[in-house]
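Inside the fold
What follows is each chain in one-letter form.
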Amino acid sequence: MIERHVELCVYDGAQEAFEILFAQEYRPAMARQQGFGSAHLLRQQVDAARYPMVSRFDTVEHAADWRASDDHRALQPRLKSLYSSSELEVFDVVA
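What comes next concerns the included structure. (Residues numbered from 1 in each chain as written. Predicted model: local features only at pLDDT ≥ 70, side-chain atom pairs only at ≥ 80, totals over all residues. Heavy atoms only, no water.)

Our next topic: the nonpolar core. Phe18, Tyr26, Met53 and Leu79 are the most contacted members of the largest nonpolar core, which totals 21 residues. Counting residues per element, the ones that place at least two in this core are β1 (2-10), α1 (15-31), β3 (50-57), α2 (60-68) and α3 (70-80). Met53 has contacts with Arg4, His5, Val6, Leu8, Phe18, Phe22, Tyr26, His40, Leu41 and Leu79, leaving out every residue within four places of it along the chain. (Core = buried A, V, L, I, M, F, W, Y, C linked by side-chain atoms within 4.5 Å. Buried < 20%, exposed > 50% of the residue type's maximum accessible area, 1.4 Å probe, protein only. Helix = DSSP H or I, 4+ residues; strand = E, 2+ residues; numbered from the N terminus. Contact = heavy atoms within 4.5 Å.)

Written out as structure tokens, the structure reads:
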């Protein structure tokens, strides 16, 4: 199992649209992907523009398949229009 943490800095005023897009379209599309485990969007308490997105897949390959999928390619431009930067870390789930 792997866990991907993507920290996104959402544009001021775009937070609600970002949360809705994740909940109504992005996560459901991800959940249809083979090997999907879970996905959560967190809002940082200190800086409400910072959103860690945490997703789990059973393998690195299945996570890569998600990123290469038609659903991801269709949703990514809309998601990217709502944030200014992102930073990725990938972890092996060990316990």
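Another point: the packing of aromatic side chains. With the rule as written, the count across this model stands at four aromatic pairs. Where Phe36 meets Phe57, the ring centres are 5.9 Å apart and the plane angle is 80 degrees; that geometry is what we call edge-to-face. Within this pair, whereas Phe36 is found in strand β2 (residues 36-41), its partner Phe57 is found in strand β3, the two being separated by 21 residues in sequence. Classification of Phe57 by relative accessible area gives buried; the value is 0%. In this structure an aromatic cluster arises from ring pairing among Phe22, Tyr26 and Trp66. (Phe/Tyr/Trp six-rings, centres within 6.5 Å; stacked < 30°, edge-to-face > 60°.)

Tracing the backbone shows Gln33 in the loop between α1 and β2. The class for Gln33 is buried, based on a relative accessible area of 17%. Not counting residues within four places of it along the chain, the set of residues in contact with Gln33 comprises Phe57, His62, Asp65, Trp66 and Ser69.

Without other data, these values stay purely geometric and don't point to any function.
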